[in-house]
Amino acid sequence: MSEKQLWSGRFAEGPSQMTLSFTSSLNVDVKLAWYDIAGSIVHARMLGAQGIVSEEEAQSMVDGLKQLLDDLEVGKMDISHDLEDIHTNVEASLTARIGDAGKRLHTARSRNDQVSTDFRMFVRDAVLETVGLLVEVQGILIERAEGSVNDMMPGFTHMQHAQPVSLGFHLMAHVFRLQRDTERFLDAYKRLNQCPLGAGALAGTGHPIDREATSAGLGFDRPTDNAMDTVSDRDFALEFAYACAQTMIHLSSMGEELVLWTSPEFGFAEMSDAFATGSSIMPQKKNPDVAELIRGRSSIAVGNLVQLMTLMKGLPLSYNRDMQEDKASLMTSYETLTSCLYMIGPMYRSLRFDREAMSKACAKGFLNATDLADHLVQKSMPFRQAHEVVGTAVQYCVKNGKTLESLSVEELKMFSELLDQSSLDHIDLEACLDRRSSLGGTAPEQVKAQISSATERMEAFREECFKEIARLNDVWSAMRR
Ligand code: ARG
């Protein structure tokens, strides 16, 4: 054993190398180093202000920790793999630097409240970065939707042609999904932004600590309420993992759609070369690998959520070492999601839509059948009967290779006396699209309204996110003073 463990007093011998490497979390929690040092600075200051350690000792700890932070930022902080985690490493590095005063840092805190504090700060930044990226993607989709409120394409249900919609309307559907995802992240933020520091191992401490001060010093809204709950739950991480998984499910559906749309069978869009790849054997190929990988990687986020829920299910209060396994998967979900968000925006921006192919596709699949039935309803036929009449007309068209709009008035009359030239005007595809002007519908003025409300909401997200980033920047400059 080259390094002594923090808890070596109780033991006659050090742990075996096997135990040490089996229990170590350093490979993962090294990513919490910055937060761990920041938390320690604020904690040390509080210990001094409360007279729990002397002012000089507190100052010496703060100075040493600030140097550690500087070292970390330029990649010069020593990390010892003989020590089991980042918390231990920070304390050991501090003591190596400033001597005995460093041994007072862990007064009135435990790694149990420390790890939850660090992790919450990590997730807090992860939320802000994710929201920023989500806003970017929304902006790109909205921009593309703005230019296509009049471009008709088939809308599908069961992957069968259903009713005509506009490309703008279709793209806006994705925007609203991503806006709910954004809200989910911001909502999770409210619950996670409470400070665990001072919960101690599980029951608080007898030292006269000031939890309000450490909470404020780290930019949290307030300290958590119950020490035992604080060190034993990771629901904040699960909420984040769920928001990641849900967003990835949405991105996966977008990816799948692009795979279909760029296929020759659809031909609705062409991927720009920058977002496609080729085949090692088939020279003609242009494959939508980025879209496929986004679809594929959604499985990672879903799997990680299940892992985290399974991890926490059935743990007795309070801290259990199982909980160490909460970070790797959350971090992977976060990295997976953000890398997909980085790709998907530019991929949509550079996509070439083939409006002619979309419009041509509208001639197939009787997209105006519902409108013909609605027309009969306007002429006072009960809808159920109208449905039957039009169904029979469609059957006739299928047999004779015709479309509803190409039938003559005489042919129409075979199905109902109520049908006439005005019925044919009524089922003109453009008219069918424009007519769907109910709230939330595909008619151009409705899509424009959707674009403007989504834009407003997107701006609000952006502002909330930027304001919070600026607030945290102030917190961090105060911490480093
Ligand atoms: N590496 C540990 C974790 O991630 C830190 C907390 C250790 N606490 C303890 N009581 N052993 O959870």
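Presented here is a report on the structure given in the accompanying data block. These numbers were taken from a predicted model, which means no experiment stands behind them.

The rules behind each value
Residues numbered from 1 in each chain as written. Predicted model: local features only at pLDDT ≥ 70, side-chain atom pairs only at ≥ 80, totals over all residues. Heavy atoms only, no water. Pairing = 2+ DSSP bridges. Helix = DSSP H or I, 4+ residues; strand = E, 2+ residues; numbered from the N terminus. Near = heavy atom within 4 Å. Polar contact = N/O pair within 3.5 Å; in protein donor to acceptor, adjacent residues only side chain to side chain. Areas by Shrake-Rupley, 256 points an atom, 1.4 Å probe, with all protein chains shown as cover. Nonpolar A, V, L, I, M, F, W, Y, C, P; charged D, E, K, R; others polar. Axes fitted to C-alpha atoms, helices over the stretch in contact; angles between N-to-C directions. Parallel < 35°, antiparallel > 145°, perpendicular 65-115°, else oblique. Left-handed = near helix turned anticlockwise from the far one by under 90°. Contact = heavy atoms within 4.5 Å. Phe/Tyr/Trp six-rings, centres within 6.5 Å; stacked < 30°, edge-to-face > 60°. Buried < 20%, exposed > 50% of the residue type's maximum accessible area, 1.4 Å probe, protein only. Lys NZ or Arg CZ within 6 Å of the ring centre and 35° of its normal.

### Re the pairing of strand E1 (residues 152–157)
If a strand is regular, its side chains alternate between the two faces of the sheet. Where E1 and strand E2 (residues 160–166) come together, six bridges link them in antiparallel fashion. For Met153, the partnering residue across the bridge sits in E2 and is Val165. Count of turn residues in the E1/E2 antiparallel hairpin: two residues, of which His158 carries a positive phi of about 55 degrees.

### Looking at the site of the ligand
Neighbouring residues of the ligand: Ser25, Asp29, Asp85, His87, Arg111, Asn112, Val115, Tyr319, Arg321, Gln324 and Lys327. The side chain of Asn112 places a nitrogen or oxygen atom 3.0 Å from a nitrogen atom of the ligand. Contacts to the ligand include Lys327, whose side-chain N or O atom sits 2.9 Å from an oxygen atom. For the ligand, the accessible surface in isolation is 350 Å², of which the surrounding protein chains cover 87%. A per-class count over the shell around the ligand returns two nonpolar, four polar and five charged.

### Remarks on the packing of helix H3 (residues 33–49) against helix H6 (residues 111–146)
For any two helices packed against each other, the geometry comes down to the angle between their axes and how far apart the axes lie. Running from amino to carboxyl end, H3 crosses H6 at an angle of 120 degrees, the nearest separation of the two axes being 9 Å. If you check the angle between H3 and H6, you find them oblique. In this structure, the crossing between H3 and H6 has a hand that is right-handed. Listed contacts from H6 to Tyr35, Asp36, Gly39 and Ser40 of H3 are Gln114, Asp118, Met121, Phe122 and Asp125. Split by residue class, the contact of H3 with H6 holds three nonpolar, three polar and three charged.

### Brief notes about the packing of H3 against helix H19 (residues 444–480)
Contact geometry of H3 with H19 gives a least axis separation of 10 Å together with a crossing angle of 60 degrees. With respect to each other, H3 and H19 are oriented oblique. Pair H3 / H19 crosses with left-handed handedness. On H19, the residues that touch Trp34, Ala38, Ile41, Val42 and Arg45 of H3 are Trp476, Ala478, Met479 and Arg480. Looking at the contact of H3 with H19, its residues break down into seven nonpolar, no polar and two charged.

### Some thoughts on the packing of aromatic side chains
In the structure shown here, the tally under the stated rule is 13 aromatic pairs. With centroids separated by 6.2 Å and ring planes inclined at 55 degrees, the aromatic side chains of Trp261 and Phe268 adopt a geometry described as tilted. By relative accessible area, which is 3% here, Trp261 ends up buried. Here the basic side chain of Arg10 rests over the ring of Phe11, its NZ or CZ set 5.7 Å away from the ring centre.

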